[in-house]
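Observations on the model geometry
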Amino acid sequence: MTPEHRAILERMWSSAGVVRRAVEAAPPGRFSRPPREGEWSALETLTHLRDVVVHVYGLRIRRLLYEDAPLFADFDEEGYRRASLARREATGDLLETIVAEHDQLARLLQTLPDTEWSRQGRHPSLGAMSIEFLARRVGEHAEEHAAQIAAATHPG
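Residues numbered from 1 in each chain as written. Predicted model: local features only at pLDDT ≥ 70, side-chain atom pairs only at ≥ 80, totals over all residues. Heavy atoms only, no water.

Some points on the overall build of the chain
Secondary structure summary: the chain contains 5 helices and 2 strands in total. The C-alpha radius of gyration computed for the chain amounts to 16 Å, which stays within 12% of the reference 15 Å derived for 156 residues, consistent with globular compactness. On the principal axes, the C-alpha backbone points of the chain span a range of 45 × 30 × 25 Å. Burial status across the chain gives 44% buried among its 156 residues. Contacts in the chain between residues at least 24 apart in sequence constitute 80% of all its contacts with a sequence separation of at least 6. Just so you have it, the chain exposes about 8100 Å², and 53% of that area is on carbon and sulfur atoms. (Helix = DSSP H or I, 4+ residues; strand = E, 2+ residues; numbered from the N terminus. Rg over C-alpha atoms; globule rule 2.2 N^0.38 Å. Buried < 20%, exposed > 50% of the residue type's maximum accessible area, 1.4 Å probe, protein only. Contact = heavy atoms within 4.5 Å. Areas by Shrake-Rupley, 256 points an atom, 1.4 Å probe, with all protein chains shown as cover.)

Topic: the nonpolar core
In this structure, Val19, Phe31, Leu46, Ile61, Leu109 and Trp117 are the most contacted members of the largest nonpolar core, which totals 39 residues. Elements represented by at least two residues in this core include exactly α1 (3-24), α2 (42-66), α4 (91-110) and α5 (131-153). The element contributing the most residues to this core is α2, with 11 residues. (Core = buried A, V, L, I, M, F, W, Y, C linked by side-chain atoms within 4.5 Å.)

Side note on the pairing of strand β2 (residues 127-130)
Bridge count for strand β1 (residues 120-123) against β2 is 4 bridges, and the pairing is antiparallel. Paired with Arg122 across the two strands is Ala128, which belongs to β2. Between β1 and β2, which pair antiparallel and follow one another directly, the connecting turn spans 3 residues. (Pairing = 2+ DSSP bridges.)

A short note on the packing of α2 against helix α3 (residues 77-86)
Following both chains from N to C, one finds α2 and α3 inclined at 120 degrees, their axes separated by 10 Å at the closest point. As summarised for this structure, α2 and α3 are arranged oblique, according to the angle between their axes. Remark: the crossing between α2 and α3 carries right-handed chirality. Across the interface between the two elements, Leu43, Glu44, Thr47, His48, Arg50, Asp51, Val52 and His55 of α2 pack against Glu77, Tyr80, Arg81, Ser84 and Leu85 of α3. Classifying every residue of the contact of α2 with α3 gives 4 nonpolar, 4 polar and 5 charged. (Axes fitted to C-alpha atoms, helices over the stretch in contact; angles between N-to-C directions. Parallel < 35°, antiparallel > 145°, perpendicular 65-115°, else oblique. Left-handed = near helix turned anticlockwise from the far one by under 90°. Nonpolar A, V, L, I, M, F, W, Y, C, P; charged D, E, K, R; others polar.)

What follows is the structure, given as C-alpha cells:
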C-alpha cells in the first residue's frame, strides 16, 4: 500500500473519531435545539453526514469495487435528510452508523491493490470520480461537518 493510500485510510479512521468527539462533547439537549438563523441544527448536520457517507461515498466506492465504470446517479440529499429527521432517529444511532461506515470502508480499501485506487465511475454532471477521490472525501467531509457540529453545539 502506498503511503498516500495509507494516509487516506488513517484519516478515514481518525475523522470518525473527530465526529464522535464532537457529538459526545455536546451539552445535553443540544441536538434537539433549533439552529441559529441561517444554520442547520447539529442534528441536521449529523443526519446529512450519515446520509452522504453511506449513500454517496460508501455506495459509490462499493460500486467501483464490483463494477466497471459505473454511472453514478444523483442523490436527493435534501429529501432524504428531511425524511430521516421526520423519523426522529436517535443521535447515538446516527453516530454509530457514521463510525461503522468509516470503519467498513477503510477495511474494504485496505485490501485493494494500489493500481485499483484509480478505478473511476462517472456522474452525469460532476464528472469522473475515482476510488481514491471518494475515499479521500470520506475523511475530509467528516472533519468539515464535525467542526460544524462543534460550532452548533458550543455557540461562541
